[in-house]
Amino acid sequence: LALIMIASLLDSQSNALTRPEQLMFSQFLLGFGSAFFLAPAMLAGIGGVFADPRNLVSFSVLFGMSQNIGGLLGTFQTWREKFHSSQLADQITTLNPLIVERLQQYSQMYQSQIGDSTLLNVQATTLLQNAATLQANILAWNDTYLLTAAISAGTLVWVFWRLIRLRLTARIALQRATGSK
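Now for a description of the structure that goes with this document. (Residues numbered from 1 in each chain as written. Predicted model: local features only at pLDDT ≥ 70, side-chain atom pairs only at ≥ 80, totals over all residues. Heavy atoms only, no water.)

**Focus on the overall build of the protein**
Reasoning step 1: Secondary structure assignment for the protein yields five helices and zero strands.
Reasoning step 2: Going residue by residue from the N terminus, the α and β elements of the protein occur as α-α-α-α-α.
Reasoning step 3: The C-alpha extent of the protein, read off along each of the three principal axes, is 90 × 35 × 30 Å.
Reasoning step 4: Looking at the 181 residues of the protein, the share that counts as buried comes to 22%.
Reasoning step 5: Once local pairs closer than 6 in sequence are excluded, the contacts in the protein between residues at least 24 apart make up 62%.
Reasoning step 6: As presented, the protein carries roughly 12,800 Å² of accessible surface, and 66% of it is formed by carbon and sulfur atoms.
Reasoning step 7: Computed over 11 positive and 8 negative side-chain charges, the separation of the two mean positions in the protein equals 28 Å. (Helix = DSSP H or I, 4+ residues; strand = E, 2+ residues; numbered from the N terminus. Buried < 20%, exposed > 50% of the residue type's maximum accessible area, 1.4 Å probe, protein only. Contact = heavy atoms within 4.5 Å. Areas by Shrake-Rupley, 256 points an atom, 1.4 Å probe, with all protein chains shown as cover. Lys, Arg positive; Asp, Glu negative; His and termini not counted. Charge placed at Lys NZ, Arg CZ, Asp CG, Glu CD.)

Laid out in structure tokens, this is it:
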């Protein structure tokens, strides 16, 4: 869980200049951490079912949750992309001198190929919209990685709390059984 959290925090800092080779280490950590958390959790669940068949419902819920989390994260990413697209679209106005400058740069790129000024403006606007969509997707993925880090941190805290509680309960039971204080 700590590896998943660290990897997610590393990937949440991505931008348009981030390249695949810059994500290799963090994605390795994410895969490694996932393999070392999910597999033992599933095996513990199966072991619980063999020990007591009434645990089948709990295992089914755990398995279903693990399968649905990917879909939920995908939905979250889509929702955040729409949010960031809306935020960026609100900032794109010809009253902003930076936007006007960017549109001029895009127009100059195609000026030798497109003679019609109306088509040239449409092409520049399309390029600006594509850049805004790309940025919105990057921001959405960063948000998704932050959510993954938060879920991992919460799960890690819960696992430690559970372990500490079980150890305290066992120690108290042992003290009561032996009569010592």
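**Some remarks on the pattern of salt bridges**
Reasoning step 1: One pass over the full model with this rule turns up one salt bridge.
Reasoning step 2: Arg 80 is the partner of Asp 143 in a salt bridge, and the nearest nitrogen-oxygen pair spans 2.8 Å. Placement of Asp 143 in helix 5 (residues 117–178) and of Arg 80 in helix 3 (residues 56–91) is noted, with a sequence separation of 63 residues between them. (Salt bridge = Lys/Arg side-chain N within 4 Å of Asp/Glu carboxyl O.)

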